[in-house]
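Report on the structure
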Amino acid sequence: MSDMRDALNELARRGAPRGFDEVLKGAASAERDAAERDAAARDAGGDDLDTIPLVTAEPVARRQSLSSMIAAAGVAALVLVGTFAVSAVVGSGGAGSAEAAVRRLADAVSHEDILAAADVLAPEEVRSLHGTLDHAARKAAELQLVQTASAPLAGVDFNIHGLNLSTESLGNGYAKVTIDAGTFTAATHKTQFSPLMQKVLRESDDNSSQSDLAKLAENDNLPTFVVAVRHDGRWYVSAAYTVLEYVREYNRVPAADFGSGERNISTLGAESPDAAVQDSMRALQREDWSKLISMAPPSEIPVYDYRDALTTLARRNKAESDRSTSGFTIDSMSTASQVNGDTAKVTLTASGTTDSGHWSLDGGCFVGPSDEDFPYPCGGDPVYFGLVGTPLSGLDKSSTVTVVKQNGRWFVSPVSTVLDVLDHFISQLDRRSLFTLLDIPNQIPPDGPLTLGRPIVLPAGTSQGTKVFTFQGHEGQNLLGLATAQSKPSSTASSYENYPPAAVRMFAPDGSEFGESGMLDGQSLTLPSNGTYTVVVQRSYLSRRVGDVTVTIWDAADAPAAAKQPHDGGSSCTYTLLGASCSSTSSGSSSSIDRILPGNNSGQPSTNDRRVTATSVARGPSPTFAIPTTVPHG
Amino acid sequence: MSHSAGAGRQYGVAAKVQGIGGGGSRARLGLEERWGPDGIQRLRELYEPLRRFAAVIGSWDVDPDDLVQNAYAKVLAKHPDDIRDLGPYLRRAIVNLSTDERRRTTRTSVVLRRIGAPLSATDSYPSDLEDLMRVEPRVRALLYLVEIERQPVADAAEVVGMTNGSARVALTRARRRLRAELTMEANGE
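Residues numbered from 1 in each chain as written. Chains lettered and ligands numbered in written order. Predicted model: local features only at pLDDT ≥ 70, side-chain atom pairs only at ≥ 80, totals over all residues. Heavy atoms only, no water.

**Some details on unusual backbone geometry**
Residues and elements named next belong to chain A. One non-glycine residue, Arg 252, lies in the positive phi region at around 55 degrees. In this structure, Arg 252 sits in the loop between α9 (239–251) and α10 (260–263). For Arg 252, a relative accessible area of 24% translates into the label partly exposed. Despite not being glycine, Asn 407 has its phi angle at roughly 50 degrees, a positive value. Checked against the element boundaries, Asn 407 lands in the loop between β10 (401–406) and β11 (409–412). With relative accessibility at 61%, the residue Asn 407 sits in the exposed group. (Helix = DSSP H or I, 4+ residues; strand = E, 2+ residues; numbered from the N terminus. Buried < 20%, exposed > 50% of the residue type's maximum accessible area, 1.4 Å probe, protein only.)

Here is the structure:
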């Protein structure tokens with residue numbers, strides 16, 4: 001096999017195709033059978049469910065990938081920012097009926113009025129967010145994520161219309177409001193976003209979407225509903241009860257015993273904060289879900305009301321898992337608590353085993369059996385976790401479990417515990433981390449001009465893992481770099497140690513980014529024009545346990561031998577929009593292979609192609625395939 | 001190379017009833033009515049590229065047509081208007097189905113090992129594909145989308161369910177590893 005592409009093509013051609021007609025026929029038959037099984041199961045009304053797909057998420061329709069995700073994150077942040085003030089008004093709102101609460105919520109959404117929306121959300125569920133949202137608001141303003149905190153949803157237009165509701169009583173003070181008809185539309189107006197968000201969404205246009213509210217859960221054969229609860233004679237929409245009721249209905253497990261948690265609160269929880277945490281851990285080890293459920297504060301997460309449903313679900317899952325035990329053991333455990341009124345912060349240290357090996361927890365620092373290959377820093381740079389998992393970076397050794405006292409008993413508060421982590425994450429989020437997370441590192445104010453030959457240190461575990469420099473480059477200039485780590489990964493089995501612990505991203509004077517740069521892997525980068533470039537030097541995601549990383553960039557001619565030494569032998573490729581021309585060197589001799597990227601009919605680059613040349617300087621074994629590089633237009 | 005039966009291995013895809021109208025007893029339209037000639041033609045056009053994609057990401061003992069068939073079964077349960085972009089949707093379905101299949105195989109192996117039963121034969125594939133087959137399937141699919149179909153990394157990453165950053169790193173790793181291995185082969189090492 002001489003070429004990776006050949007191998008990929010060979011693999012893609014494997015097997016004897018049955019042909020479209022046969023495949024479609026089989027698919028139609030499978031779809032029909034599944035639908036019939038589904039209908040039969042519904043008619044039976046029992047627990048004889050059809051096979052539940054392991055696929056947890058339906059495939060998502062593609063829009064603009066990164067920008068969609070960023071947009072979602074941005075909107076979520078905007079919502080957070082605007083919601084901070086809600087706790088000031090909660091408790092005075094609600095509605096006269098369950099249906100009226102839902103209509104008020106819909107009306108608030110249509111007017112992008114977050115305060116009005118919060119006014120009809122269950123007070124206990126909203127109140128706990130106050131501190132975190134206030135914190136988020138201040139940070140968002142500081143980082144210019146929003147124009148003003150008072151108009152966090154500027155640029156987003158929601159509308160709900162044609163709402164047709166029906167109500168079913170679930171118990172005294174609990175109602176299920178089903179949306180029988182209604183349309184939700186959302187539109188974005190990019191120009192109304194903050195300048196920062198406009199940069200983040202640089203490649204996306206204004207867009208809009210419309211959903212039939214009655215069919216949101218149609219794939220699961222469920223109606224769209226929310227659960228409303230009554231407090232002090234007023235009705236509020238409850239997110240917690242809504243989620244749990246969906247879980248119950250989807251899995252067809254026993255109904256909730258509404259209000260039982262509040263009624264039996266004196267028999268739940270534990271006698272002390274330490275006991276609450278330790279009892280929860282031991283319940284987890286024993287897979288004693290009833291005990292675990294009893295440790296959650298009923299007013300915060302009403303899992304006790306759903307104890308029959310949840311324990312049934314747990315038993316069912318265990319029966320289906322072919323496992324007699326989880327293999328999860330706790331070999332040692334200690335706690336230390338600090339009590340402040342009705343709230344306690346408990347520091348937990350524990351260790352034990354699972355089927356896969358040893359685990360340990362020290363505050364918020366968890367090391368699992370598989371962390372040899374996928375270690376993550378504890379209390380480190382949020383960038384390591386990516387946009388979605390980034391709040392996890394708020395975990396460190398000082399992280400605690402929040403325990404709350406209600407009716408004289410102590411309960412583990414999952415919401416407060418998570419919010420503490422989120423608070424910590426927010427407090428350590430700075431412009432450098434945020435811009436890196438949003439994939440606009442070139443917007444970070446430069447740390448200064450790049451000096452060729454001067455080492456750049458990227459410390460471990462801080463946002464300083466990304467540094468930005470300006471560089472006055474000239475056409476034809478060859479740059480080559482070398483990244484060295486303070487230490488090797490702790491696991492010798494780690495496959496990551498063979499890769500550069502840092503990456504260099506080059507942005508042209510016009511702001512466009514060059515494609516993948518092998519500058520730290522023995523491939524020099526040839527600049528296409530004169531101008532001021534932006535050079536982003538980042539620790540690699542894979543360099544989590546290697547200590548400080550040092551990167552030095554030279555004129556290729558001045559680079560030391562180590563920088564000219566790639567992992568893969570010598571190769572030299574020139575990439576254009578139309579193709580790649582590669583030559584290789586072996587034992588002092590050279591050969592040349594012209595490669596044209598798929599979809600091009602001509603091997604001759606056009607005269608106005610902008611070229612970027614990536615050249616490996618070292619001599620070594622022949623390369624076997626070319627690395628295509630996306631080259632930005634000038 | 002071993003292939004499963006033509007009818008296709010079932011992956012537990014619960015194709016849900018996707019009726020038109022309201023309520024649980026809503027009328028169910030037929031496939032032709034839902035998808036129409038244009039929709040079927042679109043599926044036809046996608047068949048070949050989807051099969052190639054399935055062949056790349058799927059385990060060696062899974063017939064690519066089975067993956068495509070089950071992905072089709074998923075979308076046929078839906079109304080075409082509910083799917084904004086059919087091609088990426090189907091590819092993502094294939095990624096999920098393939099992942100499920102591997103998880104199921106792994107679980108079965110664990111159970112068999114635990115009870116001391118002999119394990120079924122491991123995958124065997126042509127030696128010239130050995131290096132490629134050692135690459136994690138999602139990364140293999142990523143390579144295919146980027147190298148062969150020339151898709152932008154961001155789009156390919158979304159199809160295989162990775163972040164853009166993770167995909168870039170994974171691509172770099174895979175390319176480097178393959179280059180190293182292929183070079184060693186070329187040198188007879």
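**Here's the deal with helix α11 (residues 273–286) of chain A**
Residues and elements named next belong to chain A. When the terminal C-alpha atoms of α11 are compared, their 20 Å separation across 14 residues agrees well with the 20 Å that a helix rising 1.5 Å per residue should span. Every buried residue of α11 is accounted for by Pro 273, Asp 274, Ala 276, Val 277, Gln 278, Ser 280, Met 281 and Ala 283. Lining the buried residues of α11 we find α12 (289–294), β6 (329–340), β7 (343–354), β8 (357–362), β10 and β11. Following α11 by one or two positions, Glu 287 has its phi on the positive side, about 55 degrees. (Expected span 1.5 Å × (residues − 1). Contact = heavy atoms within 4.5 Å.)

**Here's the deal with the sheet that holds strand β17 (residues 531–539) of chain A**
All names here are of chain A. Ordered by their spatial adjacency, 3 strands build an open sheet running β13-β17-β15, and the pairing between neighbours is antiparallel. With partners counted over all chains shown, the strands left at the sheet margins are β13 (466–473) and β15 (502–507), one partner each. Between one strand axis and the next, the sheet turns through 25 degrees on average, direction left out of account. (Pairing = 2+ DSSP bridges. Axes fitted to C-alpha atoms, helices over the stretch in contact; angles between N-to-C directions.)

**Some words on the pattern of salt bridges**
Within the structure shown, the criterion is met by 18 salt bridges over all chains. The partner of Glu45(B) in a salt bridge is Arg42(B), with the nearest N and O atoms 3.6 Å apart. A residue pair is termed a helical-turn pair when its members lie 3 or 4 positions apart in one helix, as Glu45(B) and Arg42(B) do in helix α1 (residues 31–57) at 3 residues. On the basis of relative accessible area, Glu45(B) is assigned to the partly exposed category, the value being 46%. One network of salt bridges, with partners in common, ties together Arg18(A), Arg51(B), Asp63(B), Asp65(B) and Asp66(B). (Salt bridge = Lys/Arg side-chain N within 4 Å of Asp/Glu carboxyl O.)

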